[in-house]
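These are the residues of each chain, in order.
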Amino acid sequence: MNIGLVAHDTKKRLMQNLCIAYRGILSKHELYATETTGYLVEEVTNLNVHKYLSGPLGGTQQLGAQIEHNEIDMVIFLRDPEAKTRKETNVFNVLALCDMHNIPFATNLATAELLVMALERGDLDWREMYK
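What counts as what
Residues numbered from 1 in each chain as written. Predicted model: local features only at pLDDT ≥ 70, side-chain atom pairs only at ≥ 80, totals over all residues. Heavy atoms only, no water. Buried < 20%, exposed > 50% of the residue type's maximum accessible area, 1.4 Å probe, protein only. Helix = DSSP H or I, 4+ residues; strand = E, 2+ residues; numbered from the N terminus. Phe/Tyr/Trp six-rings, centres within 6.5 Å; stacked < 30°, edge-to-face > 60°. Contact = heavy atoms within 4.5 Å. Axes fitted to C-alpha atoms, helices over the stretch in contact; angles between N-to-C directions. Parallel < 35°, antiparallel > 145°, perpendicular 65-115°, else oblique. Left-handed = near helix turned anticlockwise from the far one by under 90°. Pairing = 2+ DSSP bridges. Core = buried A, V, L, I, M, F, W, Y, C linked by side-chain atoms within 4.5 Å.

**Comments concerning unusual backbone geometry**
Stage number 1. One non-glycine residue with positive phi stands out, namely asparagine 70, at about 60°.
Stage number 2. The exposure class of asparagine 70 is buried, given its relative accessible area of 19%.
Stage number 3. A positive phi angle is found at asparagine 102, which is not glycine, with a value near 55°.
Stage number 4. Mapped onto the elements, asparagine 102 comes out in the loop between helix 5 (87-100) and strand 5 (105-106).

**Observations regarding the packing of aromatic side chains**
Stage number 1. Per the counting criterion, the structure on display carries two aromatic pairs.
Stage number 2. Considering the side-chain rings of tyrosine 32 and tyrosine 52, the 6.2 Å spacing of their centres and the 25° angle between planes classify their relative orientation as stacked. In this pair, tyrosine 32 is assigned in strand 2 (residues 30-33) and tyrosine 52 in the loop between strand 3 (49-51) and helix 4 (59-68), connecting sequence segments 20 residues apart. Tyrosine 52 matches tyrosine 32 in its accessibility class, with the two residues each being buried.
Stage number 3. Between the aromatic rings of phenylalanine 77 and phenylalanine 105, the centroid separation amounts to 6.3 Å while the plane-to-plane angle is 55°, which identifies the pairing as tilted. Here phenylalanine 77, found in strand 4 (residues 74-78), pairs with phenylalanine 105, found in strand 5; they are 28 residues apart in sequence, far enough to count as distant.

**Some remarks on the side chain of serine 54**
Stage number 1. One can find serine 54 in the loop between strand 3 and helix 4.
Stage number 2. Looking at serine 54, the relative accessible area reads 17%, which means it is buried.
Stage number 3. Once residues within four sequence positions are removed from consideration, serine 54 is found in contact with Glu35 and Gly59.

**Some remarks on the packing of helix 1 (residues 12-21) against helix 3 (residues 35-45)**
Stage number 1. Two numbers describe how helix 1 lies on helix 3: the axes approach to 9 Å, and their chain directions differ by 40°. Judged by the inter-axis angle, helix 1 sits oblique to helix 3. Between helix 1 and helix 3 the crossing geometry is right-handed. Seen from helix 1, the contacting residues are Lys12, Met15, Gln16, Cys19 and Ile20; seen from helix 3, they are Thr36, Thr37, Leu40, Val41, Glu43, Val44 and Thr45.

**Remarks on the sheet that holds strand 4**
Stage number 1. Pairing is parallel across the open sheet formed by five strands, whose spatial order is 3-2-1-4-5. The open sheet is flanked by strand 3 and strand 5, the only strands paired with a single partner.
Stage number 2. Bridge count between strand 4 and strand 5: two bridges; the pairing is parallel. In the strand pairing of strand 5, isoleucine 76 is matched with alanine 106.
Stage number 3. Across the sheet, helix 6 (residues 109-121) touches strand 1 (2-7), strand 4 and strand 5, and the angle it forms with strand 4 is around 160°.

**Thoughts on the nonpolar core**
Considering soluble globular proteins, one finds that nonpolar side chains tend to be buried as a cluster.
Stage number 1. Within the largest apolar cluster, 25 residues are counted, with the highest numbers of intra-cluster contacts made by Leu5, Met15, Met74 and Ile76.
Stage number 2. Sorting the residues of this core by element identifies strand 1, helix 1, helix 2 (23-26), strand 2, strand 4 and helix 6 as the ones contributing at least two each.
Stage number 3. Leu63, Phe77, Val91 and Phe105 belong to the second-largest nonpolar core, a separate cluster that totals 14 residues.

This is how it looks when you write it as structure tokens:
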């Protein structure tokens, strides 16, 4: 499965910790991330991450394009709920695309962990029929 990873600046360390904790599960899948998040995850996990541009330079739009082409199966977008900038628009754009294309979407650690565990159990295998 293809997993999209995005994290606001204040949540990048949390994304690293999530990926460290679930490295064994994530290693069985293809990871896609915005540039800085991707480098930080690779740095601590040694997982291969396909990197988009930085979020402000169009990385979230690149993720959105992959979602529209049904090339992403799950998105973890750890957002800072206090970020009242244009970054919030990026979250809502990706969320809307995920809703349109039935792609599981997590915005916090609790939901992200549930999705990763569901992925391991095979609960998201239904995504394969969409391809």
